[in-house]
Amino acid sequence: MATEVFDKQKTIDLRKKYIGPSCKVFFNHDPIKIIRARGQYMYSEKDEQYLDCINNVAHVGHSHPEVVSAGTKQMELLNTNSRFLHDNLVHYAQRLQATLPEKLSVCYFVNSGSEANDLALRLAWQHTGHKDIITLDNAYHGHVSSLIDISPYKFHQLGQTEQSQHVHVAPSPDIYRGKFREDHPDPATAYADEVRDIIEKAHAKGHKIAAFIAESLQSCGGQVIPPVGYFQKVAQNVGGVFIADEVQVGFGRVGSHFWAFQLQGDDFVPDIVTMGKPIGNGHPMSCVVTTREVAESFMSSGMEYFNTFGGNPVSCAIGMAVLDVIEKEDLQGNALRVGKYLMELLEKLKEKHPLIGDTRGCGLFVGVDLVKDRLKRTPATAEAQDVIYRLKDQKILLSADGPHRNVLKFKPPMCFSREDADLAVGKIDHILTGTHSRAKYSLYIPLRGNEDNIYCLAGDGCKNK
């Protein structure tokens, strides 16, 4: 049994003293202290069990014994860098590539999703000789400077700071809230034409496009599922490199496919795929996979690429264990089955509660868009915050996101069960049944610019209000 070194208040005091104030916690007015976790459950210092509907990092379940064992055994033998030959590196690269289309055949191992996306930009810049990047509105691609520049989810909060002249923002292909909605005869083409127009304007100013980058499914943007065919049409227009960011949605989460970009159809293959979060089940590792052609262009710069910890034997052993567990426990199949069941439950909830404007998702990547008015689709931001706080009191962890912070997000560990879905949706049903009698929503204030969806109560010293 895990034990705590300090009592909760002491932990809070030490965090305030030693940890940067920009590093926020969930539920700021009453943060949860977690000391252990297993499967889809997390446990507080009081041994209270919380159902984790948030954590897409603990992909195969918290503290999975096979993953823990693989890392421990390799750590006892050797951990070093990739300048020495080691079978784990090539074996894992071989296995990872087997999940992807054939042309995506060259791997670069790094340590986080941000590192992966930063490297992807370098590959695109070197391969094309161009500088400009097209990104999607509300996108989030990482926390390093190069990625803040291409993440409207972040840079929109910088106020008067000028957007980089080399970054172009295309509309999010959101068919519920976007410019072209579900009643449009061909939203994929309509949204792709917006990208084409951006390219033409950039060319008129003497700019050339190096890459188009998109999360295969937008997560921080509000669980947005692009219409089928959109990526293909964008790729035809771009002329540069297409980067598919799978950091939040890869490794079987969508159920029907191993990679979310595959939802677009067999005729679409990106030039670069980035992956992170679930790849190591909480161990810090990530990867960039690209074509031989792009890799050769990167080599032609004359600069060696070396990453001290990327592709080390321990990380690769853990990565292989994650792939093993996904296969042995049929977690991709579980995501498909339980995700379908969860969507059915939420659709029934939508019929019952006018506060639910839309439910959308693939596998265990699901969003519930809360609205004050279904016709106007007015975001119910305060109500969404109320729901997640009340769920927390019921020992269920859920988050809310999107540009209006009104979309409830399900992205749980892949071992999430039908019983878990019943429990979570049942609690939401109970909460929504009583929303009409409460008038406290204005208390909850979202802290903008945090991809982990942190909220606080008015009076807690919130900033960015």
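Residues numbered from 1 in each chain as written. Predicted model: local features only at pLDDT ≥ 70, side-chain atom pairs only at ≥ 80, totals over all residues. Heavy atoms only, no water.

The name given to the chain in an unreviewed UniProt entry is Ethanolamine-phosphate phospho-lyase, with the source organism recorded as Electrophorus electricus. According to the UniProt record, the Sequence similarities (unreviewed entry) comment for the chain reads "Belongs to the class-III pyridoxal-phosphate-dependent aminotransferase family." If you open the UniProt record of the chain and go to Subunit (unreviewed entry), you find "Homotetramer." (UniProt positions renumbered as here; feature names shortened; annotations may be inferred.)

**Some remarks on the overall build of the chain**
Tallying secondary structure elements over the chain gives 13 helices and 18 strands in all. At 22 Å, the chain has a C-alpha radius of gyration in line with the 23 Å of a compact globule built from 465 residues. C-alpha atoms of the chain, sized along the principal axes, occupy 65 × 55 × 45 Å. Looking at the chain as a whole, 57% of its 465 residues are labelled buried. (Helix = DSSP H or I, 4+ residues; strand = E, 2+ residues; numbered from the N terminus. Rg over C-alpha atoms; globule rule 2.2 N^0.38 Å. Buried < 20%, exposed > 50% of the residue type's maximum accessible area, 1.4 Å probe, protein only.)

**A short note on the pairing of strand 2 (residues 41-44)**
Bridge count between strand 1 (residues 34-38) and strand 2: four bridges; the pairing is antiparallel. Following the sheet pairing, Arg36 is matched in strand 2 by Tyr43. The antiparallel pairing of strand 1 with strand 2 creates a hairpin that spans two residues between the two strands, and Gly39 there sits at a positive phi of about 60°. Pairing of strand 2 with strand 3 (residues 49-52) involves three bridges; the strand directions are antiparallel. Paired with Tyr43 across the two strands is Gln49, which belongs to strand 3. Hairpin geometry of strand 2 and strand 3 is characterised by an intervening segment of four residues between the two adjacent antiparallel strands and by a positive phi of about 65° at Asp47. (Pairing = 2+ DSSP bridges.)

**So, the sheet that holds strand 1**
A sheet is described by the order of its strands in space; here four strands give the open sequence 1-2-3-14, paired in mixed fashion. Each having just a single partner strand, strand 1 and strand 14 (396-397) make up the two edges of the open sheet.

**Digging into the sheet that holds strand 8 (residues 241-245)**
Read across the sheet, seven strands follow the order 4-10-9-8-7-5-6 without closing on themselves; strand pairing throughout is mixed. Both outer strands of the open sheet, strand 4 (106-110) and strand 6 (167-170), are each paired with one neighbouring strand and no more. Neighbour-to-neighbour, the strand axes of this sheet turn through a mean angle of 20°, independent of strand direction. Where strand 7 (residues 209-215) lies against strand 8, five bridges are found, and the strand directions are parallel. Bridge pairing in strand 8 places Ile213 opposite Ile243. Packed onto the sheet, helix 7 (residues 187-204) meets strand 5 (132-136), strand 6 and strand 7 and runs at close to 155° relative to strand 6. (Axes fitted to C-alpha atoms, helices over the stretch in contact; angles between N-to-C directions. Contact = heavy atoms within 4.5 Å.)

**Some thoughts on the domain arrangement of the chain**
Partitioning the chain into structural domains gives domain 1 (8-60 + 330-457) and domain 2 (65-328). Here domain 1 and domain 2 have C-alpha centroids that lie 25 Å from each other. Between domain 1 and domain 2, the contact holds 46 residues from the first and 41 residues from the second. Across the interface of domain 1 and domain 2, roughly 3,400 Å² is buried in total on both sides, 52% from carbon and sulfur atoms. On the domain 1 side of the contact with domain 2, Gln332, Phe365 and Arg377 bury the most area, a combined 23% of that side's loss. Put simply, domain 1 and domain 2 have two salt bridges between them. Linking domain 1 to domain 2 there are 23 residue pairs in polar contact (both at pLDDT 80 or more). Element by element, the count of residues in the side of domain 1 that touches domain 2 is highest for strand 12 (residues 365-373), at six residues. (Domains from an automatic or database assignment. Buried area = accessible area lost by both parts, 1.4 Å probe. Salt bridge = Lys/Arg side-chain N within 4 Å of Asp/Glu carboxyl O. Polar contact = N/O pair within 3.5 Å; in protein donor to acceptor, adjacent residues only side chain to side chain.)

**A closer look at the packing of helix 2 (residues 65-77) against helix 10 (residues 313-328)**
Close contact between helix 2 and helix 10 brings their axes to 8 Å; oriented N to C, the two are set at 155°. Considering their axes alone, helix 2 and helix 10 lie roughly antiparallel with respect to each other. Along this stretch, helix 2 crosses helix 10, giving a crossing that reads as right-handed. Two secondary-structure elements touch here, helix 2 through Glu66, Val67, Ala70, Gly71, Gln74 and Met75 and helix 10 through Pro313, Val314, Ala317, Ile318, Ala321, Val322, Val325 and Lys328. Per-class residue counts for the contact of helix 2 with helix 10 are ten nonpolar, two polar and two charged. (Parallel < 35°, antiparallel > 145°, perpendicular 65-115°, else oblique. Left-handed = near helix turned anticlockwise from the far one by under 90°. Nonpolar A, V, L, I, M, F, W, Y, C, P; charged D, E, K, R; others polar.)

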